[in-house]
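# Descriptive analysis of the structure
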Amino acid sequence: MNAPSQLNVNNFNWPEEGLTRVPYRVFNDPAIHDLEQQRIFRGPTWSYAGLDAELPNKGDYITTFIGDTPVVVSRDQQDKVHAFVNRCAHRGALVCRQLNGNTDVHTCVYHQWAFDLSGDLVGVPFRRGLAGKGGYPEDFDMADHGLQKLRVSTLHGLIYVTFDFDLEPLEDYLGKTMVGNLDRCLEGRQLEVLGYSRQYINSNWKLYGENTRDSYHAMLLHLFYPTFGIATPATKTTIEMSEERYHNLFTVWRPSSNENLDTYKENTTRSFKGGKEALQAPEFLRFINERDDDIAITIESLFPNSVFQHIQNGFAIRQIRPKKIDEFELHWTYIGYTDDSPEMRKHRLLQANMLGPAGLIAMEDAEAGEIIQKGIIRDADQTSFVEMGGDGYGDLEGSGTDENSIRVFWKGYRKLMGI
């Protein structure tokens, strides 16, 4: 790649066109990836880490990643949730090596340093040496050698963490619009994990950040939407952003009975046949209007690492886990409610087939990022063209033929990165 090994932000000039141009360098410079870990994932942001429902019992824990940093989320014996970096304070080894489990103490396999459920050091073998030889000095204090702790906040059973102990509260960080949609969707009900999937995508994580905010591609790339009438160009749609412009919410109402695909066919180069009658399992498309508001789809992208979504009656949380400049893991958690009827639980599982790595709607998104990554590999000095809808970044109501939300993503990104 034609990128330097270290990034000097003072010498990094964003194109003079501003948010309507995105330099390909941000997708293929390893030094940018390293700076993102410091200024974004370890900076003044709240990152999704898991669910209360994944820690039902005292002593339960899960392992996850914030950016590329391994993290443990743990419930202690007083029922309090903690988070800490999954790195032994002794020699840096991973302490927890399983995806999840239950324990009274977290013990590093290398030298058996032991940490309690809050991350404090509680045991060191041969601390005083053996037979008067070796060991640690008398002023060695275990209180000084705990695991690096993160600040934790929960909202409707969603667990968010931050490295920044001075950051504003989670609700203020998300803003009224984003919190309002979570209030609407989760309703204070207890969540149930229905399953997981994960995929490794060979592209930069920010290409997926763009994708989840890209209303322009929805009915062009995802032909399942218009083919089976889940959404059409005439469908009522709103695009809302948080006050600080980090986060984005797409809301799509179910199509009315008199909508058709004429507008779609007149304005695209794709052709298709089908319709609901072509689906062998039409019950798959059934929409149960749970809240009597006719809202069929919400895609809520929360900067920097999560997407909360519902499509029809299927719910999922996507967590973005960057690995390298051109690789990230996308972790899917499918959810329902503990008070769902057996019939609703079965229906949510059926509609989960729209989501995930092989989802009838979601499967194209990974490929979109990968073909961009392949196309820009040697052209860090070139830029993308983001002028659909002009150069603004305000809320909209309409068909989504704009790129306002992508420009908002880069506005927030540039603020945090200082570029």
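Refer to the preceding data block for the structure.
What comes next concerns the included structure. Predicted model, so just to flag it, every value in this text is computed and none were measured.

### Quick notes on helix 11 (residues 404-417)
Helix length check: helix 11 (14 residues) gives 20 Å between terminal C-alpha atoms against 20 Å at 1.5 Å per residue, within 8%. Among the 14 residues of helix 11, 11 are classified as buried, and the element is accordingly described as predominantly covered. The first or second residue beyond helix 11 is Gly 418, which carries a positive phi of 70°.

### Examining the pattern of salt bridges
Under the definition given, this model contains 19 salt bridges. Here Arg 198 ties to Glu 329 by a salt bridge, and the two come within 3.4 Å at their closest N and O atoms. One end of the pair, Arg 198, is in strand 12 (residues 191-201); the other, Glu 329, is in strand 18 (residues 327-337), and 131 residues separate them in sequence. Its relative accessible area of 47% is what places Arg 198 among the partly exposed residues.

### Side note on the nonpolar core
With 93 residues, the main nonpolar core has Val 26, Val 73, Leu 174 and Trp 410 as its most contacted residues. With sequence-adjacent residues up to four places away left out, Val 26 is seen in contact with Phe 12, Trp 14, Ile 32, Glu 36, Asn 204, Lys 206, Ile 325, Trp 410 and Tyr 413. Val 95, Trp 113, Leu 121 and Met 142 belong to the second largest nonpolar core, which has 14 residues in total.

### Section: unusual backbone geometry
Residues Phe 303 and Pro 304 are joined by a peptide bond in cis, for which omega reads 10°. Residue placement: Pro 304 occurs in the loop between strand 15 (295-302) and strand 16 (306-311). A positive phi angle is found at Asp 79, which is not glycine, with a value near 75°. Note that Asp 79 resides in the loop between strand 4 (69-75) and strand 5 (81-85). Looking at Asp 79, the relative accessible area reads 43%, which means it is partly exposed. Backbone geometry places His 156, a non-glycine residue, at a positive phi of 50°.

### Structural notes on a negative patch on the surface
On the surface, a cluster of negative charge is made up of Glu 138, Asp 139, Asp 141 and Asp 144. If you trace the backbone, Asp 141 turns up in the loop between strand 9 (121-123) and strand 10 (149-155).

### A look at the packing of aromatic side chains
Tallying each qualifying case throughout the model produces 18 aromatic pairs. When the centroid spacing of 5.0 Å and the interplanar angle of 65° are considered together, the rings of Phe 41 and Trp 205 count as edge-to-face. Of the two residues, Phe 41 is situated in helix 2 (residues 30-41) and Trp 205 in helix 5 (residues 205-211); the sequence distance between them amounts to 164 residues. For the residue pair Phe 41 and Trp 205, the accessibility class agrees, reading buried in each case.

### Remarks on the sheet that holds strand 6 (residues 100-102)
Taken together, the 7 strands give an open sheet; going across it, the order is 2-11-10-5-4-3-6, and neighbouring strands pair in antiparallel fashion. What marks the edges here is a single partner per strand, and that holds for strand 2 (47-51) and strand 6. With strand direction ignored, the average angle separating the axes of adjacent strands in the sheet is 30°.

### What to know about the state of the cysteines
Counted under the stated rule, the structure contains 0 disulfides. Free of any disulfide, Cys 88 has its nearest neighbouring cysteine sulfur in Cys 108, separated by 4.0 Å. Classification of Cys 88 as buried rests on a relative accessible area of 4%.

### A few points about the sheet that holds strand 7 (residues 106-107)
Strand order in the open sheet formed by 3 strands is 7-8-9, and the pairing between neighbours is antiparallel. Edge positions in the open sheet fall to strand 7 and strand 9, since each of these has one partner strand only. With 2 bridges joining them, strand 8 (residues 114-115) and strand 9 adopt antiparallel strand pairing. By the bridge assignment, Ala 114 is partnered in strand 9 with Gly 123.

### Structural notes on the pairing of strand 18
Counted residue by residue, strand 18 has 11 buried out of 11 residues, so it is predominantly covered. Side chains Glu 327, Glu 329, His 331, Thr 333, Ile 335 and Tyr 337 of strand 18 all project onto a buried face; the interleaved residues Phe 328, Leu 330, Trp 332, Tyr 334 and Gly 336 project onto the opposite face, where all are buried too. Across 10 bridges, the pairing between strand 12 and strand 18 is antiparallel. Residue Gln 199 lies in a different strand from strand 18, and its bridge partner there is Leu 330. The pairing of strand 17 (residues 314-324) with strand 18 spans 9 bridges and is classified as antiparallel. Looking at the pairing, Ala 316 lines up with Tyr 334 of strand 18. Taking the residues that link successive antiparallel strands as the turn, the strand 17-strand 18 hairpin has 2 residues.

What counts and what doesn't
Residues numbered from 1 in each chain as written. Predicted model: local features only at pLDDT ≥ 70, side-chain atom pairs only at ≥ 80, totals over all residues. Heavy atoms only, no water. Helix = DSSP H or I, 4+ residues; strand = E, 2+ residues; numbered from the N terminus. Expected span 1.5 Å × (residues − 1). Buried < 20%, exposed > 50% of the residue type's maximum accessible area, 1.4 Å probe, protein only. Salt bridge = Lys/Arg side-chain N within 4 Å of Asp/Glu carboxyl O. Core = buried A, V, L, I, M, F, W, Y, C linked by side-chain atoms within 4.5 Å. Contact = heavy atoms within 4.5 Å. Patch = residues over 30% accessible without salt bridge, like charges linked within 9 Å, V, L, I, M, F, W, Y side chains within 5 Å. Areas by Shrake-Rupley, 256 points an atom, 1.4 Å probe, with all protein chains shown as cover. Lys, Arg positive; Asp, Glu negative; His and termini not counted. Charge placed at Lys NZ, Arg CZ, Asp CG, Glu CD. Phe/Tyr/Trp six-rings, centres within 6.5 Å; stacked < 30°, edge-to-face > 60°. Pairing = 2+ DSSP bridges. Axes fitted to C-alpha atoms, helices over the stretch in contact; angles between N-to-C directions. Disulfide = S-S within 2.5 Å.

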